[in-house]
Structures are given as structure tokens and as C-alpha cells.
Amino acid sequence: MADRIELKGLRVHANHGVLPHETEHGQAFTIDIVCWLDFSGAALSDDLTQTVNYAELAQLAHDIAASTPRQLVETVATEIAEAAMARFDALSAVEVPLHKPPAPIPLIFDDVAVIARRSRKRV
């Protein structure tokens, strides 16, 4: 599918991680979401119900990321991707890069991200 909606830089303070200080104090995470869908019908009708409401998508991702602490950011990214696919029928696929810039790595680096991608099987 060529059409896509991109949400970039959604910031969430959450308590995900393996180390005690990560789960106790939390840290900043950034979420990007790329949605693949055919929004030609929505564009033609100018009808929000025929596409993905990105305000609802952002809230869904925020709520998941800010809720139950997980050890792995892979778990969080997967939960967001699967919830988006379940919530929005218009989606053909979704990709969720979840960034953890303050990851506890004792080296100089810019970012760490995991990316969960889910797609719908169309028959």
C-alpha cells in the first residue's frame, strides 16, 4: 500500500527497563508510528471514519507506553503495533519504532530503537 500516515516523536515518560533505576525512576521514550493504508476513499469523501484518526492513534500508543512497566521495549513496541492493528480496520500494516535514547549503555551513542511491524493478511 502506497499511502501512509506518520506520527513522529511522541514523547512518553515510562518505567520500562531491566535495571532497578529504570523501573524506579523511569525515563523518556520516543515513539514513531508509520501506518500503511489506502486512504483514497477518505480523501474522496473527506470522511475521517474512512482513515486512521491519528489523535486516537497517538493516545493509544501513549496509554500503552505509559502503563504497565515492561523489562523489554520490544514488548512495548509490539503491544502498540498489535493494538493499532486491532483498533483500526483501515490499516494494512503498521510499524512502531520505539526509541530509548537514555539506554544504559556505557558508550557514546545517539539512540537505541526497536521496531515492531505488523501487517494484515489480505485475501
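Scroll up to find the structure this text is about.
Residues numbered from 1 in each chain as written. Predicted model: local features only at pLDDT ≥ 70, side-chain atom pairs only at ≥ 80, totals over all residues. Heavy atoms only, no water.

A.B. asks: I tried to follow the side chain of K100 on my own but got confused; where do I start?
C.D. replies: Mapped onto the elements of the fold, K100 is located in the loop between β3 (91-99) and β4 (113-119). A polar contact is formed between the side chain of K100 and the side chain of E22, at a distance of 2.7 Å. The contacts of K100, once residues within four sequence positions are left out, are H16, G17, E22, Q27, F29, V73, D111 and V112. (Helix = DSSP H or I, 4+ residues; strand = E, 2+ residues; numbered from the N terminus. Polar contact = N/O pair within 3.5 Å; in protein donor to acceptor, adjacent residues only side chain to side chain. Contact = heavy atoms within 4.5 Å.)

A.B. asks: Please clarify how the sheet that holds strand β2 (residues 27-37) should be interpreted in this entry.
C.D. replies: Hydrogen bonds between backbone atoms are what pair the strands of a sheet, whose relative direction is either parallel or antiparallel. With antiparallel pairing, four strands are arranged side by side in an open sheet as β1-β2-β3-β4. The open sheet has two free edges, formed respectively by β1 (4-14) and β4, since each of these has just one partner strand. Averaged over all pairs of adjacent strands, the angle between strand axes in this sheet comes to 15°, irrespective of strand direction. Relative to β3, β2 is paired through six bridges, and the arrangement is antiparallel. Bridged to I31 within β3 is L98. Of the strands in this sheet, β1 and β2 are in contact with helix α3 (residues 54-65), which crosses β1 at around 30°. Relative to β3, helix α4 (residues 73-87) is tilted by about 155°, and along the sheet it contacts β2, β3 and β4. (Pairing = 2+ DSSP bridges. Axes fitted to C-alpha atoms, helices over the stretch in contact; angles between N-to-C directions.)

A.B. asks: Mind showing me how you'd approach the pattern of salt bridges here?
C.D. replies: In a structure, side chains of opposite charge can pair up when their charged atoms sit close to one another. Within this structure, the stated rule accounts for seven salt bridges. For R4, the salt bridge goes to E6, with nearest N and O atoms at 2.5 Å. According to the relative accessible area criterion, E6 is partly exposed, its value standing at 35%. For the salt bridge of E56 with R87, the shortest nitrogen-to-oxygen distance reads 3.8 Å. Of the two residues, E56 is situated in helix α3 and R87 in helix α4; the sequence distance between them amounts to 31 residues. One salt-bridge network, in which partners are shared between bridges, spans R4, E6 and K8. (Salt bridge = Lys/Arg side-chain N within 4 Å of Asp/Glu carboxyl O. Buried < 20%, exposed > 50% of the residue type's maximum accessible area, 1.4 Å probe, protein only.)

A.B. asks: Help me understand the packing of α3 against α4, please; the structure alone is not making it clear to me.
C.D. replies: How two helices sit against one another is set out by the angle between their axes and by the gap between those axes. The contact between α3 and α4 brings their axes to 9 Å, and the two run at 145°. Relative to α4, α3 is oriented so that their crossing is right-handed. For the pair formed by α3 and α4, the contact residues are E56, L57, L60, A61, I64 and A65 on the first element and V76, E79, I80, A83, A84 and R87 on the second. The class makeup of the residues in the contact of α3 with α4 is nine nonpolar, no polar and three charged. (Left-handed = near helix turned anticlockwise from the far one by under 90°. Nonpolar A, V, L, I, M, F, W, Y, C, P; charged D, E, K, R; others polar.)

Such coordinate-based values are descriptive only and should not be taken to indicate function.
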